[in-house]
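What follows is each chain in one-letter form.
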Amino acid sequence: MAEPVDATDAHLPELGGDDFAADCRARVAFEVLANRWDSVVVYILGENGPLRPRAMLDRIGGISPKVLNEALRRLEYNGLVERHRYAESPPRVDYTLTEAGAALLPPIRALGAWSATYADAVLTAQDRFTTDPS
């Protein structure tokens with residue numbers, strides 16, 4: 001079983017405001033990765049980048065070109081990926097993680113480990129609500 005993270009550890013930075021209150025800076029991380037595909041794109045770029053959009057589509061699977069493009073634009077807007085355009089014919093574009101984007105890889109991996117441990121329990125709990133009429 002995965003060991004839980006102790007949020008009271010002295011090595012963690014001060015986040016400002018009350019824990020997870022409206023002025024807490026930790027909320028930025030949750031807001032940045034709240035979209036379903038953003039963390040997947042960051043992970044794929046971290047493991048395989050830099051990548052062209054077509055290569056990302058092949059590696060991710062289940063995402064449309066339009067949704068990938070929206071995720072890339074959102075991640076670029078948030079400073080997590082950089083878009084590199086090459087003056088070639090035909091034009092070539094690839095994406096790479098910024099320092100801030102690469103710094104998200106350990107938390108994303110930690111969430112993956114949490115999912116491996118607890119996903120079945122979460123899905124079982126969800127099934128109780130969708131199948132239990134009470």
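Details of the structure are given in the entry above.
Residue indices begin from 1 for each chain and proceed along its sequence in written order. Given that this is a predicted model, residues contribute local features only at a pLDDT of at least 70 and side-chain atom pairs are listed and counted only at 80 or more, while totals for whole chains, interfaces and linings are drawn from all residues. Working from all heavy atoms in the structure, the side-chain values ignore hydrogens and water.

Draft legend 1. Seen up close, the overall build of the protein chain. In terms of regular secondary structure, the protein chain is built from six helices and two strands. Put simply, DSSP H or I for four residues or longer makes a helix, DSSP E for two residues or longer makes a strand, and each gets a number counted from the N terminus. Listing each helix as α and each strand as β along the protein chain from the N terminus yields α-α-α-α-β-β-α-α. When the 134 residues of the protein chain are sorted by exposure, 22% land in the buried category. Note on definitions: a residue-residue contact is assigned when non-hydrogen atoms from the two residues lie within 4.5 Å. Long-range pairs, those at least 24 residues apart, make up 43% of the contacts in the protein chain between residues at least 6 apart in sequence. The protein chains shown are the only cover counted for residues, whose accessible areas, like all others here, come from Shrake-Rupley with a 1.4 Å probe. Within the structure as shown, the protein chain displays about 9700 Å² of accessible surface, and the carbon and sulfur contribution to it stands at 55%. Exposure categories follow from relative accessible area, calculated using a 1.4 Å probe and restricted to protein chains: below 20% of the type maximum is buried, above 50% is exposed, and the middle band is partly exposed.

Draft legend 2. Layout of the side chain of Asp38. Secondary-structure assignment places Asp38 in helix α2 (residues 38-48). The class of Asp38 is buried, set by a relative accessible area of 0%. Reaching out from Asp38, the side chain makes a polar contact with the side chain of Arg74 at a distance of 2.9 Å. What qualifies as a polar contact is a pair of N or O atoms within 3.5 Å, subject to a donor-acceptor requirement within protein and to the restriction that residues adjacent in sequence count only when both atoms come from side chains.

Draft legend 3. Region of interest: the nonpolar core. Joining through side-chain atoms within 4.5 Å is the link that ties buried Ala, Val, Leu, Ile, Met, Phe, Trp, Tyr and Cys residues into a set, and such a set is a nonpolar core. Among the nonpolar cores identified, the biggest contains 24 residues, and Val41, Val42, Leu45, Met56, Ile60, Leu68 and Tyr95 are the most heavily contacted of them. Among the elements of the structure, α2, α3 (53-60), α4 (65-77), β2 (92-97) and α6 (105-131) are those that each provide at least two residues to this core. Contacts of Val41, omitting those with residues within four sequence positions, involve Met56, Ile60, Leu68, Ala71, Leu72 and Leu75.

Draft legend 4. Main features of unusual backbone geometry. Looking along the chain, the bond that leaves Gly49 and enters Pro50 is cis, with omega of -5 degrees. Examined against the element boundaries, Pro50 turns out to sit in the loop between α2 and α3.

Draft legend 5. Here's a closer look at the packing of α2 against α4. With their axes 9 Å apart at the nearest point, α2 and α4 run at an angle of 80 degrees to one another. In terms of orientation, α2 and α4 fall into the roughly perpendicular class. Between α2 and α4, the contacting residues are Asp38, Val41 and Val42 on the first element and Leu68, Ala71, Leu72, Arg74 and Leu75 on the second. Among the residues making up the contact of α2 with α4, the classes are represented as six nonpolar, no polar and two charged. Helix axes are fitted to C-alpha atoms over the stretch in contact, other axes to C-alpha atoms as well, and angles between N-to-C directions run from 0 to 180 degrees. In this scheme, roughly parallel covers angles under 35 degrees and roughly antiparallel covers those over 145, while 65 to 115 is roughly perpendicular and the rest are oblique. Throughout this entry, Asp, Glu, Lys and Arg are counted as charged residues, while Ala, Val, Leu, Ile, Met, Phe, Trp, Tyr, Cys and Pro are counted as nonpolar. The remaining residues, Gly among them, count as polar.

Draft legend 6. A look at the pattern of salt bridges. A pair is scored as a salt bridge if a Lys or Arg side-chain nitrogen falls within 4 Å of a carboxyl oxygen belonging to Asp or Glu. This structure, assessed with the given rule, holds seven salt bridges. Asp38 is the salt-bridge partner of Arg74, the closest N and O atoms lying 2.9 Å from each other. You can see Arg74 sitting in helix α4 and its partner Asp38 sitting in helix α2, a full 36 residues away along the chain. Sharing partners across several salt bridges, the network here consists of Glu88, Arg92 and Asp94.

Draft legend 7. Expanded view of α4. Under the convention used throughout, the expected extent of a helix is 1.5 Å for every residue step, that is, one less than its residue count. Taking 1.5 Å per residue, 13 residues should reach 18 Å; α4 reaches 18 Å between its end C-alpha atoms and fits that length. The inward-facing, buried residues of α4 abut α2, α3, β1 (81-86) and β2. Taken from the residues just after α4, Gly79 is the one with a positive phi, measuring 75 degrees.

Draft legend 8. The packing of aromatic side chains, seen in detail. A pair of Phe, Tyr and Trp rings is counted when the ring centres sit within 6.5 Å of each other, with Trp represented by its six-membered ring. The angle between the planes then sorts it: under 30 degrees is stacked, over 60 is edge-to-face, the rest tilted. The final tally for this structure, using the stated rule, is one aromatic pair. Plain terms: the ring middles of Trp114 and Tyr118 are 5.7 Å apart, the flat faces sit at 40 degrees to each other, and that makes the pair tilted. Here the residue Trp114 and the residue Tyr118 both occupy positions in helix α6, the gap between them amounting to four residues, near one helical turn. Residue classification places Trp114 among the partly exposed positions, given a relative accessible area of 43%. A ring is scored as having a charge over it whenever the NZ atom of a lysine or the CZ atom of an arginine sits within 6 Å of its centre and within 35 degrees of its normal. Above the plane of the ring of Tyr86 lies Arg92, whose end atom (NZ or CZ) is 3.8 Å from the centre.

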